[in-house]
Amino acid sequence: GENVEQHPSTLSVQEGDSAVIKCTYSDSASNYFPWYKQELGKRPQLIIDIRSNVGEKKDQRIAVTLNKTAKHFSLHITETQPEDSAVYFCAASISYGQNFVFGPGTRLSVLP
Amino acid sequence: GAVVSQHPSWVICKSGTSVKIECRSLDFQATTMFWYRQFPKQSLMLMATSNEGSKATYEQGVEKDKFLINHASLTLSTLTVTSAHPEDSSFYICSARDEGRAPYEQYFGPGTRLTVT
């Protein structure tokens, strides 16, 4: 089955700096890659996603890149703010509407 | 739109008792819902896929007789933890797909924190 790895497990950055989180997946059939942000005790919130027919997607300060050949995708957050502090999960879905396999998560701390 | 609710938000029960958790899609119909379990500082682990009108599909290692799932309508799925034990204490989160609006996405409920004493 699909296996998703995520690095780093923890990340601390200064406010205003950029943060990059990387994920790799094992199943080349996966075609949908969402990123979720989860604050303590709350539900995961979708922040950006990308499908396998696209190499890059951007939404204001957040961008995701996908390298299908290497089977990895990355989350980029620019101009980080304290409210970006949370746990971020990447996920991969093997086909339309199927269940997600989540990465282990990255705890991001943005220091003021 | 695309709101998923869960009830209760937290529950404490005694070992050996059963607990039912409800997951509702409030403004859309969901043929498929997913149940996840999340232990502290860990990722979301899929327990089972709930299908309206049919049996749930359980992930390997998840006891279907212990975690009973019923998806009786297009807006409600329930997870019943039977004969709960302290090791079942966890954060249980459901999600649902709005096939008509965004078939790829999953919308998560707020979660239910179960503590078994």
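Up top you'll find the structure we're talking about.
Throughout this document, residue positions are counted from 1 along each chain, in the order its sequence is written. Here every chain gets a letter starting at A, and every ligand a number starting at 1, in the order they are written. A pLDDT threshold of at least 70 governs which residues receive local features in this predicted model, and a stricter bar of 80 or more applies before side-chain atom pairs are shown or counted, although totals over entire chains, interfaces and linings include all residues. Side-chain descriptors were evaluated using all non-hydrogen atoms of the structure, hydrogens and water having been removed beforehand.

1. So, the overall build of chain B
Rules: Secondary structure elements follow DSSP: runs of H or I no shorter than four residues count as helices, runs of E no shorter than two count as strands, and numbering proceeds from the N terminus. Computation of the radius of gyration draws on C-alpha atoms alone. For the globule rule, the value is 2.2 Å times the number of residues to the power 0.38. Here the term buried applies to any residue with accessible area under 20% of the maximum for its type, exposed to any over 50%, and partly exposed to those in between, with areas from a 1.4 Å probe on protein chains only. Whether two residues touch is decided by their heavy atoms; if any such pair falls within 4.5 Å, the residues are in contact. None of His or the chain ends enter the tally, which takes Lys and Arg as positive and Asp and Glu as negative. Where a charge lies is defined by one atom per residue type: Lys uses NZ, Arg uses CZ, Asp uses CG and Glu uses CD.
The number of helices and strands found in chain B is zero helices and 11 strands. Its helices and strands in sequence order give chain B the pattern β-β-β-β-β-β-β-β-β-β-β, from N to C terminus. Here the C-alpha radius of gyration of chain B, 13 Å, is about what a compact globule of 117 residues would show, namely 13 Å. Along the first, second and third principal axes, the C-alpha atoms of chain B reach 40 × 25 × 20 Å. Across the 117 residues that make up chain B, the buried fraction comes to 52%. Within chain B, counting contacts between residues at least 6 apart in sequence, those at least 24 apart form 55% of the total. In chain B, which carries 11 positive and 11 negative side-chain charges, the distance between the mean positions of the two groups comes to 6 Å.

2. Some details on the interface of chain B and chain A
Rules: Defined here as a combined quantity, buried area equals the accessible surface (1.4 Å probe) lost by two parts on assembly, summed across both. Salt bridge criterion: a side-chain nitrogen from Lys or Arg within 4 Å of a carboxyl oxygen from Asp or Glu. As used in this structure description, the phrase polar contact means that two N or O atoms lie within 3.5 Å; if the pair is within protein, one of them must be able to donate a hydrogen and the other to accept it, and residues adjacent in sequence are counted only when both atoms belong to side chains. Only Asp, Glu, Lys and Arg are considered charged in this grouping, and only Ala, Val, Leu, Ile, Met, Phe, Trp, Tyr, Cys and Pro are considered nonpolar; every other residue, Gly among them, is considered polar.
Opposite the 21 residues of chain B that make contact, chain A presents 21 residues. Of the roughly 1800 Å² buried between chain B and chain A, counting both surfaces, carbon and sulfur atoms make up 58%. Connecting chain B to chain A are zero salt bridges. Counting the contacts that link chain B with chain A gives five residue pairs in polar contact (both at pLDDT 80 or more). Breaking the side of chain B that touches chain A down by element, the ones donating at least two residues are β4 (32-38), β5 (45-51), β9 (90-98) and β10 (102-108) of chain B. Take the side of chain B that touches chain A: its biggest share by element is five residues, from β10 of chain B. Here the residues of the side of chain B that touches chain A sort into 11 nonpolar, six polar and four charged.

3. Observations regarding the side chain of Ser-43 of chain B
Relative to the assigned elements, Ser-43 of chain B resides in the loop between β4 and β5. For Ser-43 of chain B, a relative accessible area of 9% puts it in the buried group. One polar contact links the side chain of Ser-43 of chain B to the main-chain carbonyl oxygen of Gly-103 of chain A, over a distance of 2.5 Å. Once you skip the residues sitting within four places of it in the chain, Ser-43 of chain B turns out to touch Phe-89, Phe-102, Gly-103 and Pro-104 of chain A together with Arg-37 and Gln-38 of chain B.

4. Digging into the sheet that holds strand β3 (residues 19-25) of chain B
All names here are of chain B. Short version of the rule: Two strands are said to pair when DSSP picks up at least two bridges between them. Axis geometry follows a simple rule: fit a line to the C-alpha atoms, using only the stretch in contact for helices, then measure angles between N-to-C directions, giving values from 0 to 180 degrees.
Reading across the sheet, the four strands line up as β1-β3-β8-β7 and stay open at both edges, with antiparallel pairing between neighbours. Edge positions in the open sheet fall to β1 (4-7) and β7 (67-73), since each of these has one partner strand only. Across this sheet, the average inter-strand angle for adjacent strands is 15°, counted without regard to direction. Relative to strand β8 (residues 76-81), β3 runs antiparallel, the two sharing six bridges. Within the sheet, the bridge partner assigned to Cys-23 lies in β8 and is Ser-77.

5. Some points on the state of the cysteines
Defined simply, a disulfide is a covalent bond joining two cysteines at their sulfur atoms. All names here are of chain A. Worth spelling out the cut-off: To count as a disulfide, a pair of cysteine sulfur atoms needs to be within 2.5 Å.
In this structure the tally under the stated criterion is two disulfides over all chains. Note that Cys-23 is cross-linked by a disulfide to Cys-90, the S-S spacing being 1.9 Å. Here Cys-23 and Cys-90 share a disulfide; its torsion about the S-S bond, -100°, makes the bridge left-handed. Residue Cys-23 is found in strand β3 (residues 19-25), and its partner Cys-90 is found in strand β9 (residues 86-93); the two are separated by 67 residues along the sequence. Considered together, Cys-23 and Cys-90 belong to a single accessibility category, that of buried residues.

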